[in-house]
Amino acid sequence: MGSRASTLLRDEEIEEIKKETGFSHSQITRLYSRFTSLDKGENGTLSDACRCLTDELFVVEHARTAILQPTREDFQRIPELAINPLGDRIINAFFPEGEDQVNFRGFMRTLAHFRPIEDNEKSKDQNGPEPLNSRSNKLHFAFRLYDLDKDDKISRDELLQVLRMMVGVNISDEQLGSIADRTIQEADQDGDCAISFAEFVKVLEKVDVEQKMSIRFLH
Amino acid sequence: MKKSDGKKEGEGRERGKKASSKDEKESENKEKKTNTKGKEEENKQKKGRKNSASSNSSNSSDEESLSEEELAMLMEEVEQKKKLISTMRNKPWRMIKKLSVLREAQAFVEKFEGALGKGKGKKLYAYKMMMAKKWVKFKRDFDNFKTQCIPWEMKIKEVESHFGSSVASYFIFLRWMYGVNLVLFGLIFGLVIIPEVLMGMPYGSMPRKTVPRAEQATAMDFSVLWDFEGYIKYSALFYGYYNNQRTIGWLKYRLPMAYFMVGISVFGYSLMVVIRSMARNANESTADGDDDNFVFSWKMFTSWDYLIGNPETADNKFASITTSFKESIVDEQESNKDENIHLRRFLRVLANVLIICCLCGSGYLIYFVVKRSQTFSKMQNAGWYERNEVEIVMSLLGMFCPPLFETIATLENYHPRIGLKWQLGRIFALFLGNLYTFLLALMDDVNEKVRAEVITPHLFTLCSNSFFLPHCCQASSYPREGLCWVLEVEIVRLTVSDILVTFVTILVGDFIRACFVRFMNYCWCWDLEAGFPSYAEFDISGNVLGLVFNQGMIWMGSFYAPGLVGINVLRLLTSMYFQCWAVMSSNVPHARVFKASKSNNFYMGLLLLILFLSLLPVAYTIMSLPPSFDCGPFSGKKRMYDVIQETIELDFPLFVAKIFGYVANPGLIIPAILLMVLAIYYLNAVSEAYQRANAELKKKMQLQREEEKNKRNNKASTNSMMQDLEDLLAPSTKSESSPKQAEDKKTDSPSQASPAGKQEKAEALNSSPITAGRRAAFIPPPHVMVTRPLTPGTWTPYPQLRQPWPGGRPMGPFPGRGRGQPRYVHPV
């Protein structure tokens with residue numbers, strides 16, 4: 001239950017996550033239980049054991065960081081991600097550079113991009129660091145899904161890869177190429193034959209990103 | 001839990017103390033934090049309330065404890081706010097800030113005090129929260145329910161995702177037609193057939209309601225019933241069964257009157273609904289957005305729905321993304337076609353000439369054949385071919401002309417969407433032309449001998465006959481025993497055979513073919529799938545025309561055979577399922593999937609034409625032919641519309657009859673028609689003017705957007721450069737250039753975006769007025785605009801403040817600095 005999950009998490013950790021991501025306390029505990037249920041891979045037995053031993057805080061303290069780290073395969077078992085043409089990209093977004101596992105902090109940081117923007121947050125001025133769920137951060141998250149080589153530009157090749165994922169073999173390569181060219185031609189403003197982040201933002205100017213890239217988390 | 005509570009409380013108190021400290025920045029930050037927190041808390045509170053309200057949820061105990069914890073926190077927040085309100089006076093803030101903070105705090109307290117108060121307030125609050133939640137949920141469920149109520153939405157979407165919107169447009173049309181027919185069905189059944197069955201004279205009471213003795217023996221055989229003879233023929237489904245009793249049953253239901261009015265209102269409703277939906281479609285097509293800017297980018301970046309979790313839905317989504325890309329490719333190819341305009345024009349003219357030749361040829365052929373058939377009919381020993389020559393020729397024309405047209409249409413090289421319209425129009429012209437030449441030829445010959453009643457069944461015959469496979473109907477050779485049932489039975493029979501032919505065509509032409517291609521491909525000498533027979537494509541034009549002609553037949557027949565609409569409803573229902581299945585199972589998408597036009601007004605236009613054409617014969621029979629004397633609700637009257645006069649005379653007070661008499665006077669009707677024509681003219685002119693204004697506005701908006709785009713581009717690329725230049729140039733140049741001029745300059749050079757930056761710089765250095773103008777445009781002059789009137793001569797934007805903030809800073813304290821703070825001069 002939530003209370004059990006919250007004992008797995010230290011309170012100061014929750015506080016930190018709360019500050020960083022803006023999730024509420026109950027959301028964090030809920031997501032934590034979701035996070036633990038994700039971890040069904042080879043670590044599964046261990047994490048089960050850990051769940052049995054929740055009373056013994058000592059074990060938990062040590063097990064927490066070591067064990068509850070779902071791998072990519074765990075994520076791929078989520079049906080929404082498994083059938084999503086960009087599923088792999090999204091899963092990658094959860095994992096820090098070059099690592100195969102993700103801890104709860106990282107997990108929450110990624111999820112925070114999808115937190116809906118609440119009314120009172122809009123009026124807030126930009127004094128502190130920008131919240132992770134701001135429009136530009138949401139867009140940047142989306143942008144990184146397409147920008148594979150992380151050079152802050154979506155090149156033609158990257159577009160082609162995405163296209164191939166989305167339409168499969170139903171459209172000839174030549175036509176795919178022309179689609180990619182056309183897309184770049186539409187979006188490109190500085191003539192470097194690639195889509196920079198600024199151009200990406202421009203393209204999606206009229207799209208209601210705040211609303212579309214939001215998931216209703218249970219409170 | 002306990003621990004965390006204590007911790008938070010401590011933190012909160014600490015914050016509370018801080019709030020009253022002098023550190024302004026801190027306090028402001030904190031305020032924000034507590035605010036956001038408060039809102040969050042509020043959400044949590046809602047959740048907690050809701051769960052406690054629905055105590056059957058499994059984890060309610062957990063929620064309860066959570067809400068307890070939050071309740072405490074909330075209480076504390078409220079206390080804090082109250083304290084803030086009471087100490088507001090002492091705060092060293094500016095008045096505006098004080099006011100806003102005060103208001104916020106008061107609102108907060110007001111909102112949550114009720115929640116935390118004892119007894120009634122708390123309950124009321126909980127109740128209100130619960131109701132709000134419930135209401136939101138109800139609204140969402142209701143929306144879902146509404147979408148689920150649209151019939152066949154899923155089916156059509158599935159077809160659309162695989163075959164594109166053009167094929168789906170046919171199914172949407174079919175669905176719409178089904179709706180219209182359902183209404184007609186309700187009208188006719190509710191007001192005519194059911195009263196007759198319930199209250200009319202029972203079967204066997206009159207000759208017209210009894211099966212003749214000679215047929216009695218076989219009247220229940222299936223083969224007889226299948227031909228709509230026997231018991232079916234003598235039933236309330238047909239005009240002839242009704243009798244001319246003025247009122248029936250204990251309700252004194254005026255059946256002949258109702259029959260007449262329903263017959264009229266079927267046409268009235270159909271006309272109204274067709275025209276209304278045309279108007280609505282026209283509205284929609286003009287209202288559609290201006291989102292032509294980033295078609296591909298949007299498709300690329302936003303097409304996938306990330307919440308799809310069902311593999312089947314995902315497949316559909318894949319297909320629909322692919323299809324939409326294909327559609328866009330076709331549109332794109334069409335718009336970028338580099339064309340030899342003269343050749344194109346020549347080919348188009350040629351194609352039209354060829355098609356007109358075809359139409360004339362087929363018309364002449366029919367005329368010739370009809371003439372010849374007259375001579376054949378005089379011969380005694382005419383063979384099968386001679387007897388059926390007309391039907392055969394017309395069927396062959398109907399079969400071979402459309403493909404021929406399609407072949408010719410490839411010359412024109414239209415966009416497939418426009419091509420489809422041409423194709424539809426041409427086939428339509430072909431059939432109507434054939435029909436009318438046939439009628440003319442027939443009229444020519446049998447002018448005196450045959451009354452128009454006999455011609456009408458021919459018309460029905462040809463409607464379907466010329467269009468579909470030959471289903472040799474012997475309308476001309478049908479024995480004319482009594483005039484009553486000939487017409488209606490013929491129409492119904494035609495409709496049914498038409499339905500069967502359609503379904504068999506689909507079954508054989510699509511399904512069997514697909515099976516053959518699919519399974520014989522393993523043991524065949526060439527590739528069946530890619531080569532000759534291959535799979536069938538969905539024939540949009542054929543199907544749409546089939547639907548339209550069928551509907552025409554229904555409209556024409558519904559007056560004489562009230563049961564016909566029921567049959568049609570069944571037909572549309574089955575054909576919806578059957579065709580959906582056939583399309584998904586045995587057709588392949590078109591080679592060039594194209595996007596249908598958003599409004600299917602073209603289909604509607606055809607439908608309207610057919611409606612008008614089918615209205616003509618019915619109106620003719622109603623207005624100028626005497627009804628049969630031995631059957632039907634109007635038997636014994638001179639004209640059918642006499643029933644209205646009769647009702648008015650007998651059932652209304654005298655003055656109504658008098659008024660009616662005046663109104664029916666041609667002296668009044670002709671001016672009324674004139675007035676209507678004038679009104680139409682006026683409304684037309686007005687709508688045209690609106691349209692023009694609309695187009696103008698659209699253009700203006702487009703221009704404005706482009707201008708803004710350019711402005712932004714220029715700003716982004718040249719701003720830093722302009723700043724440099726500003727330092728270089730003497731401020732005196734500025735006064736020479738008015739902002740107006742600057743505006744002009746800026747709009748003059750929209751295309752000089754970033755790549756030309758360097759060049760621009762050089763240019764700018766050469767000619768200072770332009771630069772100045774440009775700068776003037778780039779500097780947003782907020783305070784100048786506000787504080788003093790803009791006079792071109794004296795416009796000098798504070799040269800002494802210019803250096804670090806090109807736009808100037810607003811006067812007054814820095815944001816976030818209170819009055820209590822000593823005001824110091826900023827270090828610049």
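Residues numbered from 1 in each chain as written. Chains lettered and ligands numbered in written order. Predicted model: local features only at pLDDT ≥ 70, side-chain atom pairs only at ≥ 80, totals over all residues. Heavy atoms only, no water.

**As for the overall build of chain B**
Thought 1: Helix and strand counts for chain B come out as 28 helices and two strands.
Thought 2: When burial is assessed residue by residue, chain B has 41% of its 828 residues classed as buried.
Thought 3: Put simply, of all contacts in chain B between residues at least 6 apart along the chain, 76% involve residues at least 24 apart.
Thought 4: For chain B, the computed accessible surface area is about 46000 Å², with 63% contributed by carbon and sulfur atoms. (Helix = DSSP H or I, 4+ residues; strand = E, 2+ residues; numbered from the N terminus. Buried < 20%, exposed > 50% of the residue type's maximum accessible area, 1.4 Å probe, protein only. Contact = heavy atoms within 4.5 Å. Areas by Shrake-Rupley, 256 points an atom, 1.4 Å probe, with all protein chains shown as cover.)

**With respect to empty space enclosed by the protein**
Residues and elements named next belong to chain B.
Thought 1: Taken as a whole, this structure holds 13 cavities of 30 Å³ or more when the rule is applied.
Thought 2: Size it by volume and the largest cavity reaches roughly 120 Å³.
Thought 3: Around the largest cavity sit 13 residues that line it, and Leu-420, Lys-421, Ala-596, Ser-597 and Tyr-603 are the ones nearest its centre.
Thought 4: When contributions to the lining of the largest cavity are tallied by element, the ones reaching two or more residues are helix 7 (165-199), helix 15 (416-445) and helix 20 (601-624). (1 Å grid on protein atoms, 1.4 Å probe; cavity = no way out; pocket = protein on both sides within 12 Å on 5 of 7 lines; lining within 4 Å. Points joined across faces, edges and corners; volume = space filled by probe spheres on them.)

**Looking at the pattern of salt bridges**
Residue and element names in this part refer to chain B.
Thought 1: The full count for this structure, using the stated rule, is 13 salt bridges over all chains.
Thought 2: The partner of Arg-254 in a salt bridge is Asp-651, with the nearest N and O atoms 2.4 Å apart. You can see Arg-254 sitting in the loop between helix 9 (230-233) and helix 10 (255-287) and its partner Asp-651 sitting in helix 21 (residues 642-651), a full 397 residues away along the chain.
Thought 3: A salt bridge links Asp-498 to Arg-571; the nearest nitrogen and oxygen atoms lie 3.6 Å apart. Taken together, the residues Asp-498 in helix 17 (residues 483-520) and Arg-571 in helix 19 (residues 564-586) connect sequence positions 73 residues apart. (Salt bridge = Lys/Arg side-chain N within 4 Å of Asp/Glu carboxyl O.)

**As for the nonpolar core**
Thought 1: With 98 residues, the main nonpolar core has B:Phe171 and B:Phe173 as its most contacted residues.
Thought 2: The element best represented in this core is helix 7 of chain B, accounting for 14 residues.
Thought 3: Every residue in contact with B:Phe171, bar those within four places of it in the chain, is listed here: B:Ile156, B:Val159, B:Phe538, B:Met576, B:Gln579, B:Cys580 and B:Val583.
Thought 4: A:Ile78, A:Val102, A:Phe104 and A:Phe107 belong to the second-largest nonpolar core, a separate cluster that totals 59 residues. (Core = buried A, V, L, I, M, F, W, Y, C linked by side-chain atoms within 4.5 Å.)

**A word on unusual backbone geometry**
Thought 1: Its identity is not glycine, yet A:Asp152 carries a phi of approximately 60°, on the positive side.
Thought 2: Its place among the elements puts A:Asp152 in the loop between helix 11 (135-146) and strand 1 (153-154).
Thought 3: In this structure, B:Lys252 takes a positive phi of about 55° despite not being glycine.
Thought 4: Judged by relative accessible area, B:Lys252 falls into the exposed class, the value being 51%.

**Examining helix 13 (residues 173-187) of chain A**
Thought 1: Taking 1.5 Å as the rise per residue, helix 13 of chain A with 15 residues should run 21 Å; its terminal C-alpha atoms sit 21 Å apart, in good agreement.
Thought 2: Those residues of helix 13 of chain A lying buried are A:Leu176, A:Gly177, A:Ile179, A:Ala180, A:Thr183, A:Ile184, A:Glu186 and A:Ala187.
Thought 3: Looking at the buried side of helix 13 of chain A, the elements it contacts are helix 12 (156-167), strand 2 (195-196) and helix 14 (197-203) of chain A together with helix 11 (295-302) and helix 12 (311-335) of chain B. (Expected span 1.5 Å × (residues − 1).)

**Thoughts on the packing of helix 7 of chain B against helix 19 of chain B**
When two helices pack together, their arrangement is given by the angle between the helix axes and the distance between those axes.
Residues and elements named next belong to chain B.
Thought 1: Closest axis-to-axis distance for the helix 7/helix 19 pair is 8 Å, and the angle between their directions is 160°. With respect to helix 19, the element helix 7 is oriented roughly antiparallel. For the element pair helix 7 and helix 19, the recorded crossing hand is left-handed. From helix 7, Tyr-170, Phe-171, Leu-174, Met-177, Tyr-178, Asn-181, Leu-182, Leu-184, Phe-185 and Ile-188 reach across to helix 19, where they touch Val-565, Gly-566, Asn-568, Val-569, Leu-572, Leu-573, Ser-575, Met-576, Gln-579, Cys-580 and Val-583.
Thought 2: Looking at the contact of helix 7 with helix 19, its residues break down into 16 nonpolar, five polar and no charged. (Axes fitted to C-alpha atoms, helices over the stretch in contact; angles between N-to-C directions. Parallel < 35°, antiparallel > 145°, perpendicular 65-115°, else oblique. Left-handed = near helix turned anticlockwise from the far one by under 90°. Nonpolar A, V, L, I, M, F, W, Y, C, P; charged D, E, K, R; others polar.)

**Structural notes on the environment of B:Tyr522**
Thought 1: With respect to the secondary-structure elements, B:Tyr522 resides in the loop between helix 17 and strand 1 (536-537).
Thought 2: A polar atom in the side chain of B:Tyr522 sits 2.9 Å from the side chain of B:Arg518. (Polar contact = N/O pair within 3.5 Å; in protein donor to acceptor, adjacent residues only side chain to side chain.)

**Here's the deal with the packing of aromatic side chains**
When we look at a pair of aromatic rings, we describe it by the centre distance and by the angle of the planes.
Residue and element names in this part refer to chain B.
Thought 1: What the rule picks out here adds up to 33 aromatic pairs over all chains.
Thought 2: Plain terms: the ring middles of Tyr-239 and Phe-634 are 6.4 Å apart, the flat faces sit at 40° to each other, and that makes the pair tilted. Here Tyr-239 is found in the loop between helix 9 and helix 10, whereas its partner Phe-634 is found in the loop between helix 20 and helix 21, with 395 residues between them in sequence.
Thought 3: Ring centres of Phe-559 and Phe-634 lie 6.3 Å apart, and the angle between their planes is 5°; this geometry places the pair in the stacked category. Pair noted here: Phe-559 is in the loop between helix 18 (540-558) and helix 19 and Phe-634 is in the loop between helix 20 and helix 21, with a separation of 75 residues, a long-range link. Considered together, Phe-559 and Phe-634 belong to a single accessibility category, that of buried residues.
Thought 4: For the cation-ring pair, Lys-209 lies above Tyr-241, with the distance from its terminal atom to the ring centre recorded as 4.8 Å.
Thought 5: Lying over the aromatic face of Phe-519, Arg-518 brings its terminal NZ or CZ to 5.6 Å of the ring centre. (Phe/Tyr/Trp six-rings, centres within 6.5 Å; stacked < 30°, edge-to-face > 60°. Lys NZ or Arg CZ within 6 Å of the ring centre and 35° of its normal.)

**Notes on the layout of surface pockets**
Residues and elements named next belong to chain B.
Thought 1: In this model, the second largest pocket occupies a volume close to 1600 Å³.
Thought 2: Elements supplying a minimum of two residues to the lining of the second largest pocket: helix 14 (384-412), helix 15, helix 17, strand 1, helix 18 and helix 19.
Thought 3: Examining the composition of the lining of the second largest pocket, we find that eight residues originate from one element, helix 14, more than from any other.
Thought 4: Its residues assigned to classes, the lining of the second largest pocket comprises 21 nonpolar, 18 polar and seven charged.

**Let's talk about the environment of B:Glu79**
Thought 1: Tracing the backbone through its elements, the reader meets B:Glu79 in helix 3 (residues 60-86).
Thought 2: The spacing of B:Glu79 and B:Val109 is 30 residues in sequence and 8.4 Å in space, taken between C-alpha atoms.

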